[in-house]
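Chain by chain, the residues:
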Amino acid sequence: MPALTRKSAATILLVPLLAALALWAFAWPATRTAPRDLPLGVAGPPAATAPLARQLDARKGSFEIHRYADEAAARAAIEDRAVYGAVVVTPGGPKLLTASAASPVVAQSLEQAVTAQAPAGTKVTTVDVVPAPAADPRGSALSSSVLPLAIAGVAGGSVVTLFRLRGVRAALTLALASAVVGIAAAALADSWLGVLTGDWWAQAGVLGLSSLAVGATVAGLAALIGPAGIGVGALLMVLLGNPFSGVASAPQLLPEPVGSLGQLLPPGAGGTLLRSVAYFDGARAGAPAITLAAWAGLGLLAVLLGGLRARREPARQEPSAAARTPQPVG
């Protein structure tokens, strides 16, 4: 009875704590959405762009201003993902360049901000340099892919652990399962739904690597600390990684340090990498790719170390058992 009471008390305390943590992780960033050092370009002659740059700088901490000589340079910067958009000063008035493929939320916010700061009666021309695909104009399908991939990774790591797969066998199982996840996800998102428009195999690789980074982490934690590692990995990837990913808006719209932390977790890095590969020909793909590879590599290393430790434990126990067995005398 005392044991049952302790378990009941632990459950009564743990469940509300997890619920509060989930509400904080999902609700708090959503209620604090605002531009924070959002990269924005200003293009045109220095004398013409100076007043505009001062107006944008007046919104302290909102924008990180990048200056370009002309519209062509600003367009190249948007396509390279150096900035989310740019304001081009022209004789006929300001022209706003956006990239809804980078973030429809940011594109809409920039249009509202530039229009509000334009002189009265001035029409702001908006050009979408890298538009979101027609099948997903609001980016909701891409942002919705983060949670399923995280769940698939957690499921893969959990199944490997529950099936008692260890060492090389566990690592190969995780890698092959993630490859199948990537191919299946690319078939759904690209071939069927048409919400991804980049190289098919590159997208499948990103989706598979994202799943592997999560699955290997969960299985690696379980191999090192036991079944509790599944819960720790699930909380880290789903409860924190998903809402902190910034895929639904942009990392620069989330409060700090959430925006930066989210890009260091597989869901955020995977979403950023997928957007780069699907819509920007791989621009700025290096950092998120390294992040995913690091999580996957460290997770698989933990799986291999856990398997090695599991093989050594029986070898240590056998001599001690033989030593305790009475030996015949004479």
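Now for a look at the structure at hand. (Residues numbered from 1 in each chain as written. Predicted model: local features only at pLDDT ≥ 70, side-chain atom pairs only at ≥ 80, totals over all residues. Heavy atoms only, no water.)

### So, the sheet that holds strand S3 (residues 85-90)
Note the cut-off: For two strands to be treated as a pair, DSSP must find no fewer than two bridges joining them. Comment: elements are numbered from the N terminus, with helices defined as DSSP H or I runs of at least four residues and strands as E runs of at least two. Fitting a line to C-alpha atoms yields each axis, with helices limited to the stretch in contact; the angle taken between N-to-C directions then spans 0 to 180 degrees. Contacts: residue pairs with any heavy atoms within 4.5 Å of one another.
Pairing is mixed across the open sheet formed by 5 strands, whose spatial order is S2-S1-S3-S4-S5. Sheet topology places strand S2 (63-68) and strand S5 (125-128) at the edges, where each strand pairs with a single neighbour. On average, adjacent strands in this sheet sit at an angle of 25 degrees to one another, irrespective of strand direction. By the bridge criterion, 6 bridges tie S3 to strand S4 (residues 93-98) in an arrangement that is antiparallel. Bridge pairing in S4 places threonine 90 opposite glycine 93. Against the sheet, helix H4 (residues 104-117) contacts strand S1 (38-43), S2, S3, S4 and S5, and its axis sits at roughly 170 degrees relative to S4.

### Quick notes on the pattern of salt bridges
Convention followed: Whenever Lys or Arg places a side-chain nitrogen within 4 Å of a carboxyl oxygen from Asp or Glu, that contact is recorded as a salt bridge. Think of it in three bands: residues with accessible area under 20% of the maximum for their type are buried, residues over 50% are exposed, and the middle band is partly exposed, with areas taken using a 1.4 Å probe on protein chains only.
As enumerated under the stated definition, the model contains 3 salt bridges in all. Its salt-bridge partner being lysine 95, residue glutamate 71 comes within 3.3 Å of it at the nearest N-O pair. Note that glutamate 71 is positioned in helix H3 (residues 71-79) and lysine 95 in strand S4, a separation of 24 residues in sequence. According to the relative accessible area criterion, lysine 95 is partly exposed, its value standing at 21%.

### Description of the layout of surface pockets
The rolling of a water-molecule-sized probe over the atoms marks out the regions of remaining empty space. Keep this limit in mind: Think of a 1 Å grid over just the protein atoms. A cavity is a set of points where a 1.4 Å probe fits yet cannot get out, a pocket is an open set with protein on both sides within 12 Å along at least five of seven lines, and lining residues have an atom within 4 Å of a point. Grid points are joined across faces, edges and corners, and a volume is the space filled by probe spheres set on the points. In this classification, Asp, Glu, Lys and Arg are treated as charged, Ala, Val, Leu, Ile, Met, Phe, Trp, Tyr, Cys and Pro as nonpolar, and every other residue, Gly included, as polar.
Taken as a whole, the largest pocket holds about 490 Å³ of empty space. Arg81, Tyr84, Gln252, Gln263 and Thr272 are the residues nearest the centre of the largest pocket, which is lined by 25 residues in total. Those elements that place two or more of their residues in the lining of the largest pocket are helix H11 (266-279) and helix H12 (286-324). A per-class count over the lining of the largest pocket returns 14 nonpolar, 8 polar and 3 charged. Within this model, the second largest pocket holds a volume of roughly 360 Å³. As for the second largest pocket, its lining consists of 19 residues, of which Thr161, Leu165, Arg166, Ala222 and Ala223 are closest to the centre. Elements represented by at least two residues in the lining of the second largest pocket include exactly helix H6 (146-162), helix H7 (167-192), helix H8 (200-225) and H12. Grouping the constituent residues of the lining of the second largest pocket by class yields 10 nonpolar, 5 polar and 4 charged.

### A word on the nonpolar core
Our working definition: Residues belong to a common nonpolar core when they are buried Ala, Val, Leu, Ile, Met, Phe, Trp, Tyr or Cys residues joined through side-chain atoms within 4.5 Å.
One finds Ile78, Leu196 and Phe280 to be the most contacted residues of the largest nonpolar core, which totals 64 residues. A total of 7 residues in this core trace back to one element, the largest contributor, which is H8. When sequence neighbours within four positions are dropped, the list of residues in contact with leucine 196 reads Leu142, Ala189, Asp190, Gln203, Leu207, Leu274, Ala278 and Tyr279. Counting 6 residues, the second largest nonpolar core, distinct from the first, contains Val154, Val218, Ala222 and Met237.

### What about a nonpolar patch on the surface?
Convention followed: Patch definition: residues above 30% relative accessible area lacking any salt bridge, with like charges linked at up to 9 Å and the nonpolar side chains Val, Leu, Ile, Met, Phe, Trp and Tyr linked at up to 5 Å. Note that accessible areas follow from Shrake-Rupley with a 1.4 Å probe, and for residues the cover is restricted to the protein chains shown.
There is a patch of nonpolar side chains on the surface, built from Leu224, Ile225, Val232, Leu298, Leu301, Leu305 and Leu308 and spanning about 620 Å² of accessible area. Counting residues per element, the ones that place at least two in the nonpolar patch are H8 and H12. Looking at the element boundaries, leucine 308 is found in helix H12.

### Re the packing of H7 against H8
Selection criterion: For classification purposes, an angle smaller than 35 degrees is called roughly parallel, one larger than 145 roughly antiparallel, one from 65 to 115 roughly perpendicular, and anything else oblique. A crossing counts as left-handed when the near helix is turned anticlockwise from the far one by less than a right angle, and as right-handed when that turn is clockwise.
One way to put it is that H7 packs onto H8 with a least axis distance of 7 Å and a crossing angle of 140 degrees. Our classification of the angle between H7 and H8 gives oblique. In this structure, H7 crosses over H8, and the sense of that crossing is right-handed. Together, Leu174, Ala175, Ser178, Val181, Gly182, Ile183, Ala185, Ala186, Ala187, Asp190 and Ser191 of H7 and Trp200, Trp201, Gln203, Ala204, Leu207, Gly208, Ser211, Leu212, Gly215, Ala216 and Ala219 of H8 make up the contact between the two elements. Its residues assigned to classes, the contact of H7 with H8 shows 14 nonpolar, 7 polar and 1 charged.

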